[in-house]
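Architecture and fold: a report
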Amino acid sequence: MTAMRAARLDDVIPSAAGRLPERYTLTFPDGLIGCPDWLAFTAHEDAPNDLLLLDSLDDDDVRFVLLDARRAEPAFFARVGADDLARMQTLGVGSDPAVGVFVTVAEQPDGAVTANLLGPLVIDRRRRVGMQLVLAGLPWSTRHVIEPR
Amino acid sequence: MLVLTRRVGETLVIDGNIRVTVLSVDGERVSIGVDAPRSAPIVRQELFDAVQAENRLAANRVAPDRLLTRLGGAPAAT
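For the structure given in this document, a descriptive report is provided here.

This next bit is on the overall build of chain A. What chain A contains, in helices and strands, is four helices and nine strands. Beginning at the N terminus, the succession of helices and strands in chain A can be written as α-β-β-β-β-α-α-α-β-β-β-β-β. Scored against the burial criterion, the 149 residues of chain A give a buried share of 57%. Of the contacts formed within chain A by residues at least 6 apart in sequence, a portion of 55% connects residues at least 24 apart. Counting only carbon and sulfur atoms, one obtains 50% of the accessible surface of chain A, whose full area is about 6300 Å².

Below is the structure:
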């Protein structure tokens with residue numbers, strides 16, 4: 001059942017390639033997980049590469065590189081649990097093409113590039129708001145290797 | 001922190017619509033059942049902590065251009 005829903009989600013959600021402004025202010029009303037003071041960012045879209053760069057407006061030292069969740073892990077939506085999927089859907093995932101799911105990426109000390117698949121960011125590029133979720137029950141980790149060192 | 005004592009099978013109610021029930025106790029392991037609306041996500045503390053830690057690592061400004069290049073994007077404008 002979940003796989004069928006996910007397949008439909010994959011059909012509906014566009015890639016990060018968008019018809020939206022390339023640079024805009026993005027607000028996370030609740031901040032990020034464990035970082036409630038990181039509320040506002042300047043977002044730079046790199047749509048052809050499914051990338052989104054966030055520069056914090058609250059802390060000059062904070063910058064995120066985000067990657068479309070499906071590019072980080074093609075099976076992402078197929079493996080997300082039913083409850084988490086339902087929560088994403090209430091945020092517009094799957095029904096509103098402007099809503100995308102991204103994950104933060106980081107370069108680990110050993111040089112590997114990893115994606116945090118357990119803490120995805122749901123971003124509504126039309127309303128310019130975002131929310132970070134914590135997903136349970138996934139087979140991956142916060143350091144899912146997407147490019148080896 | 002509010003500290004309450006409960007027996008197996010007894011329940012706590014939080015905010016009128018979240019019910020936490022002690023299902024069993026086996027040594028140091030306690031099984032807990034939680035009934036909550038979907039709008040109240042429930043995760044283990046360690047998972048929350050892991051996401052928080054990764055946020056702080058990913059927020060590091062160190063070499064974002066190199067990271068973008070490795071992912072196929074253009075170096076970031078400053």
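Moving on from the coordinates now.
Residue and element names in this part refer to chain A. Across the seven residues that make up strand β2 (residues 40-46), a large majority, seven, are buried. Burial along β2 is two-sided: A40, T42, H44 and D46 facing one way and F41, A43 and E45 facing the other are all buried. As paired elements, strand β1 (residues 23-27) and β2 share five bridges and run antiparallel to each other. Opposite T25, over in β2, you have T42 as the bridge partner. Linking β2 to strand β3 (residues 51-56), which pair antiparallel, is a turn of four residues; within it D50 sits at a positive phi near 60°.

Before going further, it helps to spend a moment on a nonpolar patch on the surface. All names here are of chain B. A cluster of nonpolar residues, V8, V25, V30, I32, V34 and I42, forms a patch on the protein surface that exposes about 510 Å² of accessible area. By secondary structure assignment, the location of V8 is in the segment before β1 (11-14). Under the relative-accessibility criterion, V8 is labelled partly exposed at 49%.

On to the interface of chain B and chain A. Contacts between the two partners involve 29 residues from chain B and, on the opposite side, 43 residues from chain A. Buried area between chain B and chain A, both sides added, is near 3100 Å², and the carbon and sulfur share of it is 57%. Between E54 of chain B and R143 of chain A there is a salt bridge, and its shortest N-O distance comes to 2.6 Å. At the boundary of chain B and chain A, one finds eleven residue pairs in polar contact (both at pLDDT 80 or more). Only α1 (45-58) and α2 (64-70) of chain B provide two or more residues apiece to the side of chain B that touches chain A. Here the side of chain B that touches chain A gets ten residues from one element, more than from any other, and that element is α1 of chain B. Within the side of chain B that touches chain A, the residues separate by chemical class into 16 nonpolar, six polar and seven charged.

We now examine the sheet that holds strand β3 (residues 29-35) of chain B. Residue and element names in this part refer to chain B. Pairing in this open sheet of three strands is antiparallel, and the strands run β1-β2-β3 from one edge to the other. Each end of this open sheet is capped by a strand with a single partner; those strands are β1 and β3. Ignoring which end each strand starts from, the neighbouring axes of this sheet average 25° apart. Here β1 pairs with strand β2 (residues 18-26) via four bridges, running antiparallel. Looking across to β2, one finds that I14 is bridged to I18.

Residues and elements named next belong to chain B. Of the pockets and cavities examined, the largest pocket occupies roughly 350 Å³. Lining of the largest pocket is provided by 13 residues; of these, I32, V34, I42, V43 and R44 occupy positions nearest its centre. Within the residue set of the lining of the largest pocket, elements represented by two or more residues are β2 and β3.

Right, let's talk about α1 of chain B for a bit. The end-to-end C-alpha separation of α1 of chain B is 20 Å, in line with the 20 Å expected for 14 residues at 1.5 Å each. Buried within α1 of chain B we find L47, V51, E54, N55 and A58 of chain B. Summarising the axial view, the buried residues of α1 of chain B lie within an arc of 110°, below the 170-degree limit, and thus occupy one face. Turned more than 90 degrees off the buried face of α1 of chain B, the exposed positions are Q45 and E46 of chain B. Considering only its buried residues, α1 of chain B is in contact with β4 (63-68), β5 (99-107), β6 (113-115) and β8 (129-132) of chain A.

Rules used in this analysis
Residues numbered from 1 in each chain as written. Chains lettered and ligands numbered in written order. Predicted model: local features only at pLDDT ≥ 70, side-chain atom pairs only at ≥ 80, totals over all residues. Heavy atoms only, no water. Helix = DSSP H or I, 4+ residues; strand = E, 2+ residues; numbered from the N terminus. Buried < 20%, exposed > 50% of the residue type's maximum accessible area, 1.4 Å probe, protein only. Contact = heavy atoms within 4.5 Å. Areas by Shrake-Rupley, 256 points an atom, 1.4 Å probe, with all protein chains shown as cover. Pairing = 2+ DSSP bridges. Patch = residues over 30% accessible without salt bridge, like charges linked within 9 Å, V, L, I, M, F, W, Y side chains within 5 Å. Salt bridge = Lys/Arg side-chain N within 4 Å of Asp/Glu carboxyl O. Buried area = accessible area lost by both parts, 1.4 Å probe. Polar contact = N/O pair within 3.5 Å; in protein donor to acceptor, adjacent residues only side chain to side chain. Nonpolar A, V, L, I, M, F, W, Y, C, P; charged D, E, K, R; others polar. Axes fitted to C-alpha atoms, helices over the stretch in contact; angles between N-to-C directions. 1 Å grid on protein atoms, 1.4 Å probe; cavity = no way out; pocket = protein on both sides within 12 Å on 5 of 7 lines; lining within 4 Å. Points joined across faces, edges and corners; volume = space filled by probe spheres on them. Expected span 1.5 Å × (residues − 1). Arc of directions from axis to C-beta.

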